[in-house]
Amino acid sequence: MSEKQYTAFESELKVRPDDIDMNNHVHNSKYFDYVLAARYDQMERFYKMPMEEFLALNYGWVINTAFVEYKRPLLLGDVFTVKTWIISIAKKDLKVGFEIHRNKTGKLCSSGWFDYTMVNTKTGRSEVIPEWIIEKYAI
């Protein structure tokens, strides 16, 4: 597993009406969506490899494990920032950390990490992460 420090990137999003649950705050499952949306954005803007290019090469990421700690609820209309960074890269796996902060207050709303495995989208089987992809992520 890599010991390198990786750059953190940020994406700004806004809570939509369909994100709200019966308790009048963002449903817990939406935090997963927010991190995935941020990573999708960041793959293109910062790693210079949009997900469409990744998929055209028959590569994809599947989540093995995810951990989310909820600190404060996001509410309807909140604008927030999702900050993500690579924690480590292994042979077939990538661990990504994240934090979600409400922009108005700067307060932490949630944090955690995702363990991803690289897969071949044609076979559905895990694959070794190619060195050229590791180089793109090594910023």
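Each remark here, short or long, concerns the structure printed above.
Given the structure is predicted, the values throughout are model-derived calculations rather than measurements.

## Observations regarding the overall build of the protein
Within the protein, the regular secondary structure consists of three helices and five strands. Each helix (α) and strand (β) of the protein, taken in turn from the N terminus, gives the series β-α-α-β-β-β-β-α. A compact globule built from 139 residues should have a C-alpha radius of gyration of about 14 Å, and the protein, at 16 Å, falls within 12% of that. Counting only C-alpha atoms, the protein reaches 45 × 30 × 25 Å along its principal axes. Across the 139 residues of the protein, 38% fall into the buried class. Once local pairs closer than 6 in sequence are excluded, the contacts in the protein between residues at least 24 apart make up 67%. Here the protein contributes 19 positively and 19 negatively charged side chains, and the mean placements of these two sets differ by 2 Å.

## Quick look at the pattern of salt bridges
All chains considered together, the criterion is met by six salt bridges. As a salt-bridge pair, D19 and K30 come within 3.7 Å of each other at their nearest N and O atoms. Of this pair, D19 sits in the loop between strand 1 (9–14) and helix 1 (30–45) while K30 sits in helix 1, and the two are eleven residues apart along the sequence.

## Structural notes on the pairing of strand 5 (residues 108–120)
Taken across its 13 residues, strand 5 has ten buried, putting it largely inside the fold. Of the strand pairs in this sheet, strand 2 (residues 59–70) and strand 5 are connected by eleven bridges, and their pairing is antiparallel. Its bridge partner being in strand 5, Y70 is matched across the sheet by S110. Relative to strand 5, strand 4 (residues 93–102) is paired through nine bridges, and the arrangement is antiparallel. Within strand 5, the position partnered with D93 by the bridge is T117. Connecting strand 4 to the next strand, strand 5, in antiparallel fashion are five residues, including G106 with a positive phi near 75°.

## A few points about the environment of Y70
If you trace the backbone, Y70 turns up in strand 2. In sequence terms Y70 and Y31 are 39 residues apart; their C-alpha atoms lie 9.2 Å from each other. In terms of polar contacts, Y70 uses its side chain to reach the backbone carbonyl oxygen of N28, at 3.1 Å.

## Looking at the side chain of D21
Locating D21 in the fold gives a position in the loop between strand 1 and helix 1. One buried charged residue, D21, remains without a salt bridge, the closest side chain of opposite sign being K30 at 11 Å. From its side chain, D21 meets the backbone nitrogen of N23 in a polar contact 2.8 Å long. Filtering out sequence-adjacent residues up to four positions away, D21 remains in contact with V26 and H27.

Criteria and thresholds
Residues numbered from 1 in each chain as written. Predicted model: local features only at pLDDT ≥ 70, side-chain atom pairs only at ≥ 80, totals over all residues. Heavy atoms only, no water. Helix = DSSP H or I, 4+ residues; strand = E, 2+ residues; numbered from the N terminus. Rg over C-alpha atoms; globule rule 2.2 N^0.38 Å. Buried < 20%, exposed > 50% of the residue type's maximum accessible area, 1.4 Å probe, protein only. Contact = heavy atoms within 4.5 Å. Lys, Arg positive; Asp, Glu negative; His and termini not counted. Charge placed at Lys NZ, Arg CZ, Asp CG, Glu CD. Salt bridge = Lys/Arg side-chain N within 4 Å of Asp/Glu carboxyl O. Pairing = 2+ DSSP bridges. Polar contact = N/O pair within 3.5 Å; in protein donor to acceptor, adjacent residues only side chain to side chain.

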